[in-house]
Amino acid sequence: MATITEMNETVEMRIGKETYSLPVVTGTYNEKGIDISQLLSQTKHVTLDTGFKNTGSTMSSITFIDGAKGILQHRGYPIEQLADQATFTELMLLLLNGELPTQQELSTFEDNLKAHVGLKGGLKRLLDAMPENTHPMCMLSVMVNALPGFYRANLDSWSDEQVRWDSIYFILANLPVMTAYIYRHHHRLAYIDPDPSLGYVENFLYMMFGEVDEDVADALDALLVLHGDHEQNCSAATVRVAGSSHVNLFSAIGAGVNALWGPLHGGANQAVLEMLEAIREDGGDVERYINKAKDKDDPFRLMGFGHRVYKNYDPRARVIKKYVDRVLGKLGKEDPVVDIAKGLEKAALADDYFSSRKLFPNVDFYSGIIYRAMGIPVDMFTVMFALGRLPGWISQWAEMRTNNEPIGRPRQVYIGPATRDYVPIDQR
Ligand code: ACO
């Protein structure tokens, strides 16, 4: 049997009669990690942690989360301050470069983004070839994964600094274009060409709806900031692992898009709105759904609740909740699911099942209500998440390549059949 005891900056691990010393690494806020990278060669043991619930895959300086206290910071800046005061393009530079940009740096960056806006006609035809009722995340995946075919100069997006930045500018500049085109194709509407005189978020809204409401643009900017990065979540970890094979940036981002789509991750924002609508259509009996979520024989889960890392209120949800009333008020809209959402939250927070498991609203619980008030259809919500998360994915990819991290390749403990002889088909 193995036991672990902490001893200052190393831990000792005893396996049988042997004792091994493992180094301990310490983070900015004194969080500790046991470095097991030599464990296999020293002890012939691997660690087992399905779902990586307790496994650190890297030492990162981009985003800090204290899940117990509900703290989220990017490069040291609290998310509440960034959501209130920073623009989305400012956040992009903060995530990518590590520091807030000066006005000059930001202007140059925004000019570079504008210079890269525009998709080749072949990509539009590729989108046109897809059935209109295809899920928008599938369309996004197809478009992002097709980029290396259309922009072959970016196939090695790392070795040459200029090509690297060209790839970064290109995908940042054009994800809004792809998103707007996907929306318009999905709704059988003609594409609207980008207007280079507009800012990043305004141009996106213009390509979506043909007009820009400044209140909507401000709220969307803040929503995108709130989604900017979230350290080693499912999609970011996927981007890092895919990118660790040295595949090009576009393909690594494509992997992240696919990982985001699932309802346990970014797809939850769509699932939340569908759940709230279903409760409304069913008469609005919040208690019944709380009981369903608690029933282990019922597959129903309270979507938008719970988080792998947060064991406290998700700070992003707190900010978004503030925006719900503000945005709906400004836009003069009412949404009957707002009351259902608030009722569900109140009932869940007062319920021992949720409080004992530390299940709180996450970022997806209220975001869909705002997207819907902006006129964005429910099945586009996860694409909106991807738009916000893109700078985070790129920063995670760049950090992984800068650190020259090895290829991501977990181990396993094999529990299948032991060696046996092949049996010819006529003898089985
Ligand atoms: N509704 C009901 N019970 C829940 C919920 C929920 N939403 N979330 C967790 N639980 C319960 C589990 O059944 C489990 O109970 P048990 O200990 O009695 O078995 C306990 O809480 C712990 O949950 P796990 O699933 O083990 O936690 P994990 O960290 O693996 O999963 C996850 C986290 C996937 C986010 C989960 O909470 C969930 O499915 N939530 C709903 C989907 C969702 O909102 N996803 C978005 C997350 S944020 C993001 O990715 C952007």
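Calculation rules
- Residues numbered from 1 in each chain as written.
- Predicted model: local features only at pLDDT ≥ 70, side-chain atom pairs only at ≥ 80, totals over all residues.
- Heavy atoms only, no water.
- Pairing = 2+ DSSP bridges.
- Helix = DSSP H or I, 4+ residues; strand = E, 2+ residues; numbered from the N terminus.
- Domains from an automatic or database assignment.
- Contact = heavy atoms within 4.5 Å.
- Salt bridge = Lys/Arg side-chain N within 4 Å of Asp/Glu carboxyl O.
- Polar contact = N/O pair within 3.5 Å; in protein donor to acceptor, adjacent residues only side chain to side chain.
- Nonpolar A, V, L, I, M, F, W, Y, C, P; charged D, E, K, R; others polar.
- Buried < 20%, exposed > 50% of the residue type's maximum accessible area, 1.4 Å probe, protein only.
- Arc of directions from axis to C-beta.

### Concerning the sheet that holds strand 5 (residues 63–66)
Spatially, 3 strands are ordered 5-6-7 in an open sheet, and the strand pairing comes out antiparallel. Only two strands of the sheet have a single partner each, and these edge strands are strand 5 and strand 7 (77–78). Direction of pairing for strand 5 relative to strand 6 (residues 71–74): antiparallel, over a ladder of 4 bridges. Note that in strand 6 the partner of aspartate 66 across the bridge is isoleucine 71.

### Regarding the domain arrangement of the protein chain
Each domain of the protein chain was delimited in the assignment, giving domain 1 (3–66) and domain 2 (80–410). The centre of domain 1, based on its C-alpha atoms, is set 33 Å off from the matching centre of domain 2. Across the boundary between the two partners, domain 1 contributes 11 residues, which contact 15 residues of domain 2. Counting across the domain 1 and domain 2 interface gives 0 salt bridges. Where domain 1 touches domain 2, the interface holds 6 residue pairs in polar contact (both at pLDDT 80 or more). Classifying every residue of the side of domain 1 that touches domain 2 gives 4 nonpolar, 6 polar and 1 charged.

### So, helix 5 (residues 121–128)
Among the residues making up helix 5, those that are buried are Gly122, Leu123 and Leu127. The buried residues of helix 5 occupy an angular sector of 145 degrees when the element is viewed end-on, so they sit on one face. Contacts from the buried residues of helix 5 go to helix 6 (136–150) and helix 7 (161–186).

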